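Notes for the structure review
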Amino acid sequence: MGTPSPLLVLLLAVVLVGLSAPQEVYGQPNFIVILADDVGWGDLGANWAETKETPHLDELAAEGMRFVDFHSAASTCSPSRASLLTGRLGARNGVTHNFAVTSVGGLPLNETTLAEVLREAGYRTGAIGKWHLGHHGHHHPSFRGFDYYFGIPYSHDMGCTDTPGYNLPPCPPCPRHGPAARVTRKDCYTEVALPLFENLTIVQQPVNLSSLAARYAEEAARFIQGASDSGRPFFLYLALAHMHVPLGVPPSPPASGKGIYGASLSEMDALVGQIKQVADRHGKGNTLLWFTGDNGPWAQKCELGGRLGPFVGTWQRQRGGSPAKQTTWEGGHRVPALAYWPGHIPAKRTSHALLSTLDIFPTLVALAGAALPPNRRFDGLDVSPVLFGWSDVGHKVLLHPNSGAAGKDGEIETLRLAQYKAFYTTGGAMACDGSIGPAEHHQPPLIFNLDRDIQEQEPLDTASREYWAVLPALSRAYAQALQDIATDNVSLADYSKDPAVTPCCDTQHVACRCQAPWGPAATLYPHRERQAPRLCL
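Residues numbered from 1 in each chain as written. Predicted model: local features only at pLDDT ≥ 70, side-chain atom pairs only at ≥ 80, totals over all residues. Heavy atoms only, no water.

**Some points on the side chain of serine 83**
By secondary structure assignment, the location of serine 83 is in helix H4 (residues 77–86). On the basis of relative accessibility, which here comes to 1%, the residue serine 83 falls in the buried class. Residues in contact with serine 83, not counting those within four places in the same chain, are Ala73, Arg88, Leu89, Gly90, Asn93 and Leu358. (Helix = DSSP H or I, 4+ residues; strand = E, 2+ residues; numbered from the N terminus. Buried < 20%, exposed > 50% of the residue type's maximum accessible area, 1.4 Å probe, protein only. Contact = heavy atoms within 4.5 Å.)

**Some details on the packing of aromatic side chains**
Applying the stated criterion to the full structure yields 20 aromatic pairs. Here the aromatic rings of phenylalanine 31 and tyrosine 123 are separated by 5.4 Å at their centres, their planes lie at 5 degrees, and the arrangement is stacked. Placement of phenylalanine 31 in strand E1 (residues 30–36) and of tyrosine 123 in the loop between helix H6 (114–120) and strand E4 (124–129) is noted, with a sequence separation of 92 residues between them. By relative accessible area, which is 0% here, phenylalanine 31 ends up buried. For tyrosine 123, a relative accessible area of 0% corresponds to the buried category. Here the aromatic residues Trp131, Phe146, Phe235 and Tyr237 are joined through ring pairs into a cluster of three or more. (Phe/Tyr/Trp six-rings, centres within 6.5 Å; stacked < 30°, edge-to-face > 60°.)

**Focus on the nonpolar core**
Nonpolar side chains in soluble globular proteins generally cluster together in the buried interior. Of all hydrophobic cores here, the largest spans 51 residues; its most connected members are Phe67, Phe235, Tyr237, Leu288 and Leu364. Looking at this core, the element that brings in the most residues is helix H11 (residues 360–367), giving five residues. Other than its neighbours up to four places away in sequence, phenylalanine 235 contacts Phe31, Val33, Leu114, Ala115, Leu118, Tyr123, Arg124, Thr125, Gly126, Phe146, Phe223 and Leu364. Formed by 50 residues, the second largest nonpolar core is a distinct cluster that contains Leu57, Leu194, Val245 and Val272. (Core = buried A, V, L, I, M, F, W, Y, C linked by side-chain atoms within 4.5 Å.)

**Description of the pairing of E4**
Side chains on a regular strand alternate between the two faces of the sheet. Most of E4 is tucked away, with five of its six residues classed as buried. Bridge count for E4 against strand E8 (residues 234–239) is six bridges, and the pairing is parallel. Across the sheet, residue arginine 124 finds its bridge partner in E8, namely phenylalanine 234. Both E4 and strand E5 (residues 148–151) contribute to a ladder of three bridges, which runs parallel. What sits directly across from isoleucine 128, in E5, is phenylalanine 150. (Pairing = 2+ DSSP bridges.)

Here it is in structure tokens:
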């Protein structure tokens, strides 16, 4: 065999450098991760032709990469977000179910967040929107690696507001004159009002939901501007209130007949379009924007829930309950996902790689030229070769934890191996009709071939050759995964509760109520000198 030419060796070296160290080729890019809440796979027109309300997201798909086999790490809020920010499943990071308004704990402090890694690598870090990983003490995002935080510390249905939107009651003022004042009256909603934080300060309580999307967009633009002016790369984690209920009331009823959900979806789409414009204006080609969702739609909310697309979980529906949020059916965890980075991510590309929100952590860490935290194992992969179009191979095995519908929270009883999906436990969340699918345990497991049964309608016949051909590989993968978790450095979250930790800017009112003295518009400009209404630790 002849000796390779010097030119060929040089070309191979360049390719290998690009594959092994993309940050050296592109420098430290900016990162924007936009996480929608309760969004369905079918809520994007790029995924589902019946959807017409997402022109900006569809444009993002056309100018970047669309992932059609992309999954949230869990099917409910807190565990999904904890996994995105740590690259580890709840069975490892300790977050297995949602935190409450009165939760003392949060994401365990010994878990390292993506923001902490990137800040150490020189990034300016910001979180805007929903947190839901603990708000008391050092669980607050200001102590979890974020230089700046603006948002609601949990879901925006976990408290009352004066602009309730759909599916949430209002909270008029309730002066506290004594214990008797806590008796619920028809004209007084005694649940604590939703707080809006800027860093450690409550700047508004209750939140004005009708202006929340505009405030998030404005704060995001201000953060991007400030980071660009500083000359430092930035990481912005934008966790939207959309499409979780309560859905904001549109300023005027749309003439298009979209309905409440469609109008809210259009608002989310426009917000994403604004963020893309701002990112492009501050250096097109320097910023990777990654859009995805925390879990599937909340079917219990009927017409206020999202669109599953083809992932309808027919087997479960026939037995009662919803196959969406809180379940391990495809509708619960298969979410829309788009990546946009002009000049680096090829445009008009559709990836069929099996990917997850778990992959965001190791991928961004690698692109930033940073190192993964030591002394722990990760469930996510560095999928930058997929982003760059060099490969379309993702996970060989992907685990789906129980998320509230059936089985113990956080335990792994569903897994994916190539096109095959095995269920050791099934169950349906509450559906629109009020039905719940009871938990059923399967030994041997139910196995679906998703290549020809994306609706999860008919499991493989346990007497078939195909079933017995794939069962050994699935069983080995399942046993290896459980063993890997059992021998890892595993954390344990504190789920204890104490009413004293409830965010409250004025304890003289039952609902907790305050308004910054400079008015709501001025609160969009926190660099101005002002007095904080309430410091919350």
